[in-house]
Amino acid sequence: MDKDSTLNTWLTQLRKATYNTTFMYNLRMIIAFSGTAFVPYFLGHQLMTIPLTLGVVAAGLSDIDDRFSVRIMNLIYTYVGFFITAASIQFLFPYPFLFAIGLILSCIGWILLGSLGRRYATISYGCLVISVYSMLGVHLFEEWYAQAVLLVTGAMWYGIISTISFLLFPVRQVQDKLSQCYSALGNFLFSKSNLFDVDMTPDSYQQSMISLSLENVQLITFFNDMKTALLTRLKGDRGQKDTRRSLQYYFVAQDIHERADSAHIDYQKLAKMFEHSDILFRFQRILSLQGKACKDLSDSILHLSTYQHNSRFEHSFKNLRHSLEKLKDEQSYDQIWINALFSLYQNLKSIDAQLRNVETEQHIKLDKNKNFETQLKDDDLKGWDDIIIRIKQNLTPESVLFRHAIRVSIVLLIGYIFVQVSQIEYGYWVLLTALFVSQPNFNATKRRLRLRILGTLGGIILGYAVLYFVPSIEGQLLLLVISGVLFFDLRSKQYAQATAFITIMALINFNLDGLGFEAAVPRMVDTIIGCALAWFGVSFIFPDWKFRRLPRTITRSLEAQCNYLSEVVMQYHQGRNNGLNYRIVRRAAHNTDAEVASLISTLATEPDFDPTQKALAFEFLCLNHTFISYIAALGAHREQIHDAEILALLDQALDDIKGALLGDEMPDLSTHNMLQTIRTRLNSTDEDSSKALIILQQLSLMFSILKRLSTLKQSLSHDRDDQSTELASL
């Protein structure tokens, strides 16, 4: 029995380890780096470790989640691109003029290739990395093909390991992304619960709205990643049960998000009106419990366990209903507010039902005959015409990708000329640093500059210690493996620490050529020069200050919200439909809202931004998210109605909102009449007309902020236009 118990315990621990994505990823990297470090050692060709290891790094940076057949094609494209890039560097290196021309053209070409989609952007970035790695090792081997072959061999070694991992755990990455979606949804619900704080002040309300908007940015990002992962697998195997199940979980998460993001009431007025009642605490408590439920569901997806719905929900909803009934009987509160609270109660009940039934077979209906095209929008390439269209769309200074391509290519060219003129030692680290640090916008580049310098300094100090205290080749190779693994583990979470470990790995690699100690100081100097070049590029070469994109981003967001509202209004005419078109417009509205929030949240880091305009921008952020929340509430309750007057009000409201937000036409008389009509109907509608009450309440909320939202849009757009004109004249 003891042996059986020990075996079962060991198997349980092994099973848990396979559920730990970080552990499995690090295990993959340990195998990859161990192969490139120790196989050359045992073969007696230690210099081979350098290109083999760099090939693994470039391949790891180019790795992309996809179904098996596309993954194989991605690997082939990657290897061909790596070989052509490395061989071109070897051939052109002795001819500086031709090399410079090739550098700038290839850089622009590789970056613009990213306009074709995520997979091409990832592969092209890996080729850019390989180009600089090839410059660093151009002197290592006599044969022109040797370094290129070894770089590709290292990449192929990583590809074999990653493919085996994919075959062993084919749905693991989808489950990870789905788990992240529900975890982010839980964070969103926790943040939403803060809006029911009875001690809320105007400042704390704005801060809570900003926090909610930023949580929404994270959630939308995970939703988009999940959609991409689902699409590629649905194309490959339309009948795969695990994928279909994940698709249904994804739809449930989106529907919960729409209900959670909806707003049925003005939260500031709500806190003031009910500050001495228990009602707000009860709503806040249920939202917090639902946030915890989403976190629990995230864990169950991650560990392949059954989700258990919290039994406390039933008691909490029962008490909330009792409190609402008491408020209704007291007759001391405006009936409109009570109706809004009942609508919110019903919305939370719907979220509860979705969470309770998410794992039941009755809820997960797998329609194998239904094509993914009717459920998810496919953004992949459709042919040569689509390729030409996407490239043409980015051949303009208005394109962020085009500006980034020109900026990076000029920065690398300046760096190359500097290296040629100065003959600085290990000068191609300048180009490598500039490439890694340069980002499409000022804020991201500035952040990486600081972290890159700090990480490099820390890595040099630790690298010196490693070379001094661990003189044996075997010990250094072991630390090379550890450093490589830690670089990949930290690169998306702690950039400074990741930089430190890649610096240690670089010093160990150079020490294999007998130059470890000599390379440390030049590494630091080259890093500083490379960071300076990146800063120069993002500041003066097609500078892409985010505040200059603010008017266009605001307009896109308001257009998307109007499209979302149009679709909701249409479904009140024709009936509820969760089809592809509705999901597309809803996703577009939330994507652009997230883009506004992300953009405005970074404005404080950019120079020359007026503090007054910054305050207006944050006010717009809050109102913009509030407005989409009002639309989401209208969408959450949508179903066909037959009241002609209500339908006419919806149509008129849609026209007025479009005129105010898109045409800068504030229809004062029409809006005044609309509000009067809504107030009259709210006060006179029978209690049985609950759907009409919800519609009228949401329209009233929209019109209450419409004028301020339109004014802020005009103010921010006009001031940015004036500022751009001034900057252009300098």
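This one's a predicted model, so the numbers in the text were calculated from it and none came from an experiment.

A.B. asks: Run through the overall build of the protein chain, naming residues and quoting values.
C.D. replies: Broken down by element type, the protein chain carries 27 helices and zero strands. Burial statistics for the protein chain: of 730 residues in total, 54% are counted as buried. A sequence separation of at least 24 residues applies to 82% of the contacts in the protein chain between residues at least 6 apart. Total accessible area on the protein chain is roughly 31,900 Å²; 58% of this is exposed by carbon and sulfur atoms.

A.B. asks: Which residues make up the side chain of Ser 298, and what are the values?
C.D. replies: Tracing the backbone shows Ser 298 in helix H12 (residues 279–302). Setting aside residues no more than four positions away along its own chain, Ser 298 makes contact with Ser 179, Tyr 182 and Ser 183.

A.B. asks: An account of the pattern of salt bridges is requested, with residue identities and associated values reported.
C.D. replies: Enumeration according to the criterion identifies 14 salt bridges in this entry. The shortest N-O distance in the salt bridge between Arg 71 and Asp 63 comes to 3.6 Å. What makes Arg 71 buried here is its relative accessible area of 3%. With a shortest N-O distance of 3.1 Å, Arg 586 and Glu 258 are connected by a salt bridge. Taken together, the residues Arg 586 in helix H23 (residues 580–601) and Glu 258 in helix H10 (residues 241–261) connect sequence positions 328 residues apart.

A.B. asks: Which residues make up a nonpolar patch on the surface, and what values go with them?
C.D. replies: A cluster of nonpolar side chains, namely Phe 23, Leu 27, Ile 31, Trp 157, Ile 160, Ile 164 and Leu 168, defines an oily patch on the protein surface of about 640 Å² accessible area. Listed by contribution, the elements that provide at least two residues to the nonpolar patch are helix H2 (21–43) and helix H7 (146–168). A total of four residues in the nonpolar patch trace back to one element, the largest contributor, which is H7.

A.B. asks: For the nonpolar core, give the residues involved together with the corresponding values.
C.D. replies: For soluble globular proteins, nonpolar side chains are generally found buried alongside one another. Within the largest apolar cluster, 118 residues are counted, with the highest numbers of intra-cluster contacts made by Tyr 182, Phe 283 and Ile 600. In terms of residue count, the dominant contributor to this core is helix H24 (residues 611–636) (13 residues). Aside from chain neighbours lying at most four places away, what touches Tyr 182 is Tyr 249, Val 252, Ala 253, Cys 294, Lys 295, Leu 297, Ser 298, Ile 301 and Val 358. With 87 residues, the next largest nonpolar core counts Leu 75, Cys 127, Ala 434 and Phe 487 among its residues.

A.B. asks: Explain the packing of H23 against H24 residue by residue, including any values.
C.D. replies: Describing two packed helices takes the angle between their axes plus the distance from one axis to the other. Running from N to C, H23 and H24 cross one another at 160 degrees; their axes reach a closest spacing of 9 Å. On the basis of the axis angle, H23 is roughly antiparallel to H24. Where H23 crosses over H24, the two elements pack in a sense that is left-handed. Each of Tyr 582, Ala 589, His 590, Asp 593, Val 596, Ala 597, Ile 600 and Ser 601 in H23 lies in contact with H24, whose residues at this interface are Ala 617, Phe 618, Phe 620, Leu 621, Asn 624, His 625, Ile 628 and Gly 635.

A.B. asks: A description of unusual backbone geometry should follow, citing residues and the corresponding values.
C.D. replies: Even without being glycine, Leu 304 reaches a positive phi, approximately 55 degrees. The residue Leu 304 is located in the loop between H12 and helix H13 (312–330) in this model. If you check the backbone angles, Gln 423 has positive phi at about 55 degrees while not being a glycine. Within the secondary structure, Gln 423 sits in the loop between helix H16 (400–422) and helix H17 (428–437).

A.B. asks: Kindly report on the packing of aromatic side chains, identifying the contributing residues and their values.
C.D. replies: If you walk through the whole model with that rule in mind, you get 23 aromatic pairs. Seen in terms of ring centroids, Tyr 250 and Phe 251 are 5.9 Å apart; in terms of plane orientation they differ by 40 degrees. Their pairing is tilted. Here Tyr 250 and Phe 251 have matching classes, each one buried. Where Phe 317 meets Tyr 345, the ring centres are 6.0 Å apart and the plane angle is 70 degrees; that geometry is what we call edge-to-face. Residue Phe 317 is found in helix H13, and its partner Tyr 345 is found in helix H14 (residues 335–357); the two are separated by 28 residues along the sequence. Here the two residues Phe 317 and Tyr 345 agree in accessibility, since each one is buried. In this structure an aromatic cluster arises from ring pairing among Phe 83, Phe 91, Trp 144 and Tyr 145. Positioned above the aromatic ring of Phe 317, the side-chain terminus of Lys 349 is 5.1 Å from the ring centre.

A.B. asks: I'd like to hear about the packing of helix H3 (residues 49–62) against helix H6 (residues 118–136), residue by residue, with values.
C.D. replies: Here H3 crosses H6 at 160 degrees, and the two axes come no closer than 8 Å. Considered as vectors, H3 and H6 are oriented roughly antiparallel to each other. As H3 runs across H6, the sense of the crossing is right-handed. Contacts from Leu 54, Val 57, Ala 58, Leu 61 and Ser 62 of H3 reach H6 at Thr 122, Tyr 125, Gly 126, Val 129, Ile 130 and Tyr 133. Taken together, the residues that form the contact of H3 with H6 break down as eight nonpolar, three polar and no charged.

A.B. asks: Describe the environment of Arg 448, listing the residues and the values that go with them.
C.D. replies: Tracing the sequence through the fold places Arg 448 in helix H18 (residues 442–469). In contact with Arg 448, other than residues within four places in its own chain, are Phe 436, Val 437, Gln 439 and Tyr 495. For Arg 448, the side chain forms a polar contact with the main-chain oxygen of Phe 436, separated by 2.8 Å.

A.B. asks: Outline the environment of Ser 300, supporting the account with residue identities and numerical values.
C.D. replies: Within the fold, Ser 300 resides in helix H12. Among all residues touching Ser 300, those that are not within four sequence positions of it are Ser 305, Thr 306, Tyr 307 and Glu 359.

A.B. asks: An account of helix H5 (residues 96–113) is requested, with residue identities and associated values reported.
C.D. replies: Its 18 residues place the ends of H5 25 Å apart at the C-alpha level, agreeing with the 26 Å of an ideal helix rising 1.5 Å per residue. Among all positions in H5, only Phe 99, Ala 100, Leu 103, Cys 107, Ile 108, Ile 111 and Leu 112 are buried. Its buried side turned inward, H5 meets helix H4 (68–92), H6, H16 and H17.

A.B. asks: I'd like a rundown of the environment of His 625, residues and numbers included.
C.D. replies: Structurally, His 625 is set in helix H24. For His 625, the contacting residues outside a window of four places in its chain are Phe 188, Met 209, Leu 212, Ser 213, Asn 216, Asp 261 and Asp 593. Only 2.8 Å separates the side chain of His 625 from the side chain of Asp 593, close enough to count as a polar contact.

A.B. asks: Can you break down the confidence of the model for the protein chain residue by residue, with the values?
C.D. replies: Predicted confidence across the protein chain gives a mean pLDDT of 84, with 86% of residues reaching 70 or more. Counting contacts from residues 361–374, a segment whose pLDDT is below 50, to residues more than four positions away or on other chains yields 25 contacts. Counted against residues more than four places away or in other chains, residues 720–730, with its pLDDT under 50, gives 10 contacts.

About the cut-offs
- Residues numbered from 1 in each chain as written.
- Predicted model: local features only at pLDDT ≥ 70, side-chain atom pairs only at ≥ 80, totals over all residues.
- Heavy atoms only, no water.
- Helix = DSSP H or I, 4+ residues; strand = E, 2+ residues; numbered from the N terminus.
- Buried < 20%, exposed > 50% of the residue type's maximum accessible area, 1.4 Å probe, protein only.
- Contact = heavy atoms within 4.5 Å.
- Areas by Shrake-Rupley, 256 points an atom, 1.4 Å probe, with all protein chains shown as cover.
- Salt bridge = Lys/Arg side-chain N within 4 Å of Asp/Glu carboxyl O.
- Patch = residues over 30% accessible without salt bridge, like charges linked within 9 Å, V, L, I, M, F, W, Y side chains within 5 Å.
- Core = buried A, V, L, I, M, F, W, Y, C linked by side-chain atoms within 4.5 Å.
- Axes fitted to C-alpha atoms, helices over the stretch in contact; angles between N-to-C directions.
- Parallel < 35°, antiparallel > 145°, perpendicular 65-115°, else oblique.
- Left-handed = near helix turned anticlockwise from the far one by under 90°.
- Phe/Tyr/Trp six-rings, centres within 6.5 Å; stacked < 30°, edge-to-face > 60°.
- Lys NZ or Arg CZ within 6 Å of the ring centre and 35° of its normal.
- Nonpolar A, V, L, I, M, F, W, Y, C, P; charged D, E, K, R; others polar.
- Polar contact = N/O pair within 3.5 Å; in protein donor to acceptor, adjacent residues only side chain to side chain.
- Expected span 1.5 Å × (residues − 1).
- pLDDT = per-residue confidence, 0-100.

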